[in-house]
Amino acid sequence: MKFRTRAIHVGNAPDKETGAVVQPIHMASTFVMPAAGEPTGYDYSRSGNPTRTAVEVTIAELEEGCAALALASGMSATHAAMLLLESGDHVLAGTDIYGGTYRLLHNILNRSGVAVTLADSTELAKFEAAIRPETKMIWIESPGNPLMSVTDIAAVAEIAKKHGVLLGVDNTLASPVLTRPLTLGADIVMHSATKYLSGHSDVLGGALVVKDQELFDRLYFGVNATGAVMSPMSCFLTTRGIKTLELRVLEQSRTTMKLAEFLVEHPLVAKVNYPGLAIHPGHEIAKRQMTGGFGAMLSFELDGNFEQAKKLVESTKLFQLAVSLGAVESLIEQPASMSHASYAAEDRAAHGISDGLVRLSVGLEHVDDLKNDLEKAIAIATGESKVS
Ligand SMILES: *Cc1c(COP(=O)(O)O)cnc(C)c1O
């Protein structure tokens, strides 16, 4: 069966008792046992819940894994993966990782004696050189944020295998519609289900997917022991969102491609970062690695400064000024003052995140309306800046 059919049917059989086409939401925290110590499959909702099982089965199916875990947030999913590490171990992560992942690695994991190195995962030789004898985990994202850097997942998987290191991929931005890292050799796929999987800005959730049962058992042990599982209501909403995942991601990617082309042609736009553009340094890898589109995130710069970009993001009407991404509503933000404000200014500069950078998460509105919105905001921002 094709992706969109599986997204609707796998993990979504009609309710056995009532025939309901949509499965009930099991809010119960505990489950009656027919005899002491003899549960019938579920005993307590931290350890397992039928509504959670349903979404886990669907997510595992779409990522082509053997099993998945649904967690309370993307960060709890990443944390659960990092629970595989012990004191003395080392993690090698890409430089373009999510800010919250950076914080988890540097300000929480370090407390348990886990060392961290960041290296540019698009420069394979340099990246490999950062592996140490005690490296146990590699963690990458593709496309990376906010410059949409593209990492060759299959090539990094080869390196990981050669050194006997687990490879985890945060697949939030691509979604399984565009990229399936387990098929490229990754060991663990992580999602912020808050973004494309649920897709409507009304869920906080995360997921881990693996293709190896023994690794799943180790992850399950950590999740059951620490408890950050996805709530039944969030599981239900994520299941519902996934039914339209392919349609949303493909259409949002198409719109983003058109907006990228519009911005490239715009005389007041100096730079556009989108893997779908031939000028993007990761375009060739993205063409191989991403199927059906190049994602619905892009960033761009005018010639100007911090104030001009600030004015721009404050001037759009349809693009709402907010962090996060992946939903039907288009969002706009300025990394220097919002998503990446916690970085030191020198670190931002070293990463190529300029003060004038603007990031878009493109939703499901009509491309013409989004284009008009950007056109007007660019005019306002540049007009004002000329006067001042
Ligand atoms: C949002 C996000 C996360 C964190 O997920 P939460 O659900 O906010 O905890 C991790 N990685 C990426 C790429 C994200 O966009």
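The structure displayed is predicted, hence computed values, not measured ones.

### Section: the pairing of strand 6 (residues 188-192)
- Burial analysis of strand 6 places five of its five residues in the buried class, the great majority of the element.
- Along strand 6, one buried face is formed by Ile 188, Met 190 and Ser 192 and the opposite face, lined by Val 189 and His 191, is buried too.
- Pairing geometry for strand 5 (residues 166-170) and strand 6, over three bridges, is parallel. Bridge pairing links Gly 168 to Ile 188 in strand 6.
- Pairing between strand 6 and strand 7 (residues 206-210): five bridges, direction antiparallel. Note on strand 7: the bridge partner recorded for Ser 192 is Gly 206.

### Concerning the pattern of salt bridges
- With the rule as written, the count across this model stands at 13 salt bridges.
- A salt bridge links Asp 89 to Lys 136; the nearest nitrogen and oxygen atoms lie 3.1 Å apart. You can see Asp 89 sitting in the loop between helix 3 (74-82) and strand 2 (90-94) and its partner Lys 136 sitting in strand 4 (residues 135-141), a full 47 residues away along the chain.
- Its relative accessible area of 9% is what places Asp 89 among the buried residues.
- The partner of Lys 126 in a salt bridge is Glu 123, and the shortest N-O contact between them spans 3.8 Å.

### Here's the deal with the domain arrangement of the protein
- Split into domains, the protein comes out as domain 1 (3-242) and domain 2 (245-381).
- At the interface, 37 residues of domain 1 touch 40 residues of domain 2.
- In total, domain 1 and domain 2 occlude about 3,100 Å² of area from one another, counting both sides; carbon and sulfur atoms represent 60% of this.
- Among the residues domain 1 hides against domain 2, the three largest losses belong to Leu 147, Leu 178 and Tyr 196. Together they make up 25% of the total.
- Joining domain 1 to domain 2, the criterion identifies two salt bridges.
- A salt bridge links Arg 288 to Asp 152; the shortest N-O distance between them is 3.5 Å.
- For the interface between domain 1 and domain 2, the tally reads 18 residue pairs in polar contact (both at pLDDT 80 or more).
- Going through the elements one at a time, helix 1 (3-9), helix 6 (153-162), helix 7 (175-178) and helix 9 (232-242) are the ones with two or more residues in the side of domain 1 that touches domain 2.

### A short note on the state of the cysteines
- Following the criterion strictly, the structure yields zero disulfides and no others.
- The thiol sulfur of Cys 66 is not disulfide-bonded, and the nearest other cysteine sulfur, from Cys 235, lies at 18 Å.
- Cys 235 gets classed as buried once you look at its relative accessible area, which sits at 0%.

### Some remarks on the packing of helix 2 (residues 50-62) against helix 9
- As a packed pair, helix 2 and helix 9 sit with axes 8 Å apart at the nearest point and diverge in direction by 35°. As helix 2 runs across helix 9, the sense of the crossing is left-handed. Every residue of helix 9 that contacts helix 2 at Thr 51, Arg 52, Val 55, Thr 58, Ile 59 and Leu 62 is listed here: Pro 232, Cys 235, Phe 236, Thr 238, Thr 239 and Ile 242.
- For the contact of helix 2 with helix 9, the residue count by class is seven nonpolar, four polar and one charged.

### What to know about the sheet that holds strand 8 (residues 269-273)
- Here we have five strands laid out as an open sheet, ordered 8-9-12-11-10, and mixed in their pairing. The open sheet has two free edges, formed respectively by strand 8 and strand 10 (320-321), since each of these has just one partner strand.
- Note that strand 11 (residues 331-333) and strand 12 (residues 357-361) share three bridges and pair antiparallel. Among the inter-strand pairings, Glu 333 is bridged to a residue of strand 12, identified as Arg 359.

### Structural notes on the side chain of His 266
- Topologically, His 266 is positioned in the loop between helix 10 (245-265) and strand 8.
- The exposure class of His 266 is buried, given its relative accessible area of 9%.
- Polar contacts involving the side chain of His 266 include one to the main-chain amide nitrogen of Leu 268, which spans 3.1 Å.
- Sequence-distant contacts of His 266, defined by excluding residues within four places in its chain, comprise Glu 375 and Ile 378.

### Description of the side chain of His 90
- Mapped onto the secondary structure, His 90 falls in strand 2.
- Using a relative accessible area of 0% as the deciding quantity, one classes His 90 as buried.
- There is a polar contact of 2.7 Å between the side chain of His 90 and the side chain of Thr 135.
- Excluding anything up to four places from it in sequence, His 90 contacts Ala 115, Val 116, Thr 117, Ala 130, Arg 132, Glu 134, Thr 135, Lys 136 and Met 137.

### Some points on the environment of Met 1
- Mapped onto the secondary structure, Met 1 falls in the segment before helix 1.
- Of the residues examined, Met 1 reaches a relative accessible area of 70% and is grouped as exposed.
- Ignoring any residue separated from it by four or fewer positions in sequence, one finds Met 1 in contact with Arg 6 and Val 10.

### Quick word on the site of the ligand
- Taken together, 14 residues form the shell around the ligand, and within it Gly 74, Asp 170, Ser 192, Thr 194 and Lys 195 come nearest.
- Asp 170 places a polar side-chain atom, nitrogen or oxygen, 2.6 Å from a nitrogen atom of the ligand.
- Thr 194 places a polar side-chain atom, nitrogen or oxygen, 2.7 Å from an oxygen atom of the ligand.
- In isolation the ligand has 380 Å² of accessible area, and contact with the protein removes 93% of it.
- For the shell around the ligand, a count of residues per class yields five nonpolar, six polar and three charged.

The rules behind these values
- Residues numbered from 1 in each chain as written.
- Predicted model: local features only at pLDDT ≥ 70, side-chain atom pairs only at ≥ 80, totals over all residues.
- Heavy atoms only, no water.
- Buried < 20%, exposed > 50% of the residue type's maximum accessible area, 1.4 Å probe, protein only.
- Helix = DSSP H or I, 4+ residues; strand = E, 2+ residues; numbered from the N terminus.
- Pairing = 2+ DSSP bridges.
- Salt bridge = Lys/Arg side-chain N within 4 Å of Asp/Glu carboxyl O.
- Domains from an automatic or database assignment.
- Contact = heavy atoms within 4.5 Å.
- Buried area = accessible area lost by both parts, 1.4 Å probe.
- Polar contact = N/O pair within 3.5 Å; in protein donor to acceptor, adjacent residues only side chain to side chain.
- Disulfide = S-S within 2.5 Å.
- Axes fitted to C-alpha atoms, helices over the stretch in contact; angles between N-to-C directions.
- Left-handed = near helix turned anticlockwise from the far one by under 90°.
- Nonpolar A, V, L, I, M, F, W, Y, C, P; charged D, E, K, R; others polar.
- Near = heavy atom within 4 Å.
- Areas by Shrake-Rupley, 256 points an atom, 1.4 Å probe, with all protein chains shown as cover.

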